[in-house]
Amino acid sequence: AQSVTQPDARVTVSEGASLQLRCKYSYSGTPYLFWYVQYPRQGLQLLLKYYSGDPVVQGVNGFEAEFSKSNSSFHLRKASVHWSDSAVYFCALRRTGGYKVVFGSGTRLLVSP
Amino acid sequence: GPKVLQIPSHQIIDMGQMVTLNCDPVSNHLYFYWYKQILGQQMEFLVNFYNGKVMEKSKLFKDQFSVERPDGSYFTLKIQPTALEDSAVYFCASSLGTGGSDYTFGSGTRLLVI
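Keep in mind that what you see is a predicted model, and the values were worked out from it rather than measured.

## Notes on the overall build of chain B
A count of helices and strands for chain B gives 0 helices and 11 strands. The secondary structure elements of chain B, listed N-terminal to C-terminal, are β-β-β-β-β-β-β-β-β-β-β. Compactness check: chain B gives a C-alpha radius of gyration of 13 Å against a globular reference of 13 Å for 114 residues, within 12% of the reference. Over its C-alpha atoms, taken along the principal directions, chain B stretches across nearly 35 × 25 × 25 Å. Expressed as a percentage of its 114 residues, the buried residues of chain B come to 49%. Counted over contacts in chain B with a minimum sequence separation of 6, partners at least 24 positions apart contribute 54%. Within the structure as shown, chain B displays about 5,600 Å² of accessible surface, and the carbon and sulfur contribution to it stands at 51%. In chain B, 9 side chains carry a positive charge and 10 a negative one; their mean positions are 2 Å apart.

## Re the pattern of salt bridges
In total, this model carries 6 salt bridges over all chains according to the counting rule given. One salt bridge in this structure joins D8 of chain A and R22 of chain A, with 2.9 Å as the shortest N-O distance. Here the residue D8 of chain A occupies a position in the loop between β1 (3–5) and β2 (10–14), and R22 of chain A occupies one in the loop between β3 (19–21) and β4 (24–26), the gap between them amounting to 14 residues. Residues D86 of chain B and K62 of chain B are paired through a salt bridge, measuring 2.9 Å at the closest nitrogen-oxygen approach. Here the residue D86 of chain B occupies a position in the loop between β8 (75–79) and β9 (88–95), and K62 of chain B occupies one in the loop between β6 (53–57) and β7 (65–68), the gap between them amounting to 24 residues. The class of K62 of chain B is partly exposed, set by a relative accessible area of 24%. Salt bridges sharing partners connect three or more residues here, namely E64, E66 and R77 of chain A.

## Brief notes about the sheet that holds β7 of chain B
Residues and elements named next belong to chain B. Spatially, 4 strands are ordered β1-β3-β8-β7 in an open sheet, and the strand pairing comes out antiparallel. Looking at strand neighbours, the two that pair on one side only are β1 (5–7) and β7, the edges of this open sheet. Between one strand axis and the next, the sheet turns through 15° on average, direction left out of account. Strand direction decides the pairing type here: strand β3 (residues 19–24) and β8, joined by 5 bridges, are antiparallel. Residue pairing across strands places L21 opposite L77, the latter belonging to β8.

## A closer look at a nonpolar patch on the surface
Together, I12, L112 and I114 of chain B line one region of the surface with nonpolar side chains, adding up to about 300 Å² of accessible area. By secondary structure assignment, the location of L112 of chain B is in strand β11 (residues 109–113).

## Re the nonpolar core
The biggest cluster of nonpolar side chains holds 26 residues, and the ones touching the most others in it are L19, W35, L47, L48, F74, L76 and Y89 of chain A. The element that contributes the greatest number of residues to this core is strand β10 (residues 87–94) of chain A, accounting for 4 residues. Excluding anything up to four places from it in sequence, L47 of chain A contacts W35, Y36, V37, G59, V60, F63, L76 and Y89 of chain A. Membership of the second largest hydrophobic core comes to 22 residues, among which are L21, F32, F49 and Y90 of chain B.

## Digging into the state of the cysteines
Residue and element names in this part refer to chain A. All chains considered together, the criterion is met by 2 disulfides over all chains. Here C23 pairs with C91 through a disulfide, and the sulfurs are 2.0 Å apart. Between C23 and C91, the S-S torsion sits near -65°, and that sign places the bridge as left-handed. With C23 in the loop between β3 and β4 and C91 in strand β10, this residue pair connects regions lying 68 residues apart in the sequence. A residue is classified by how much of its surface remains accessible, and C91, at 0% relative accessible area, is buried.

Reading the values: rules and limits
- Residues numbered from 1 in each chain as written.
- Chains lettered and ligands numbered in written order.
- Predicted model: local features only at pLDDT ≥ 70, side-chain atom pairs only at ≥ 80, totals over all residues.
- Heavy atoms only, no water.
- Helix = DSSP H or I, 4+ residues; strand = E, 2+ residues; numbered from the N terminus.
- Rg over C-alpha atoms; globule rule 2.2 N^0.38 Å.
- Buried < 20%, exposed > 50% of the residue type's maximum accessible area, 1.4 Å probe, protein only.
- Contact = heavy atoms within 4.5 Å.
- Areas by Shrake-Rupley, 256 points an atom, 1.4 Å probe, with all protein chains shown as cover.
- Lys, Arg positive; Asp, Glu negative; His and termini not counted.
- Charge placed at Lys NZ, Arg CZ, Asp CG, Glu CD.
- Salt bridge = Lys/Arg side-chain N within 4 Å of Asp/Glu carboxyl O.
- Pairing = 2+ DSSP bridges.
- Axes fitted to C-alpha atoms, helices over the stretch in contact; angles between N-to-C directions.
- Patch = residues over 30% accessible without salt bridge, like charges linked within 9 Å, V, L, I, M, F, W, Y side chains within 5 Å.
- Core = buried A, V, L, I, M, F, W, Y, C linked by side-chain atoms within 4.5 Å.
- Disulfide = S-S within 2.5 Å.

As structure tokens, then:
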């Protein structure tokens, strides 16, 4: 079975600072990996996804993530956060040929002025 | 971009009554999903529907739950009868394919069972 762990329930960073949100996954094969963002009272929006190739993938709004097979990780990064980045971020996994996406528990990001 | 529409956005219902949540998926998408999110918690997979059939469901998809998409209309989640623990936000999603295909999520239906 596959699973996703986001060890940080809440992260607070100052506006303009850099950001890393951690994600670890468990899956024996090579998964599809996703990062989604959820703003209040809205559905999830895809930030980026990875399956193969360059382990650093670029997403929307300056976000990027780095896949590490050896560490079973897919951490999300941003060089300089903006107050509008405050939201809940979900890391997710889908196995090859699979139907469902398995989500982590989410990390609530608060960007302080 | 293309959107998934969910109707209604909010629903309050008495325990034991039936409720139907409606989802209008992206027009060319073939796979449809329901997820449940209890306040402040993660999204939990309920069910995946393709070609008129349930392809996969989780333990959360109780016998009181059913899904259908009659004649390409709304993709619906019906709960009959409802229980207090069914109170949650239910998100519909659709995708063109499996694997790396992107999900498009709706904004959710907030269901309160009283």
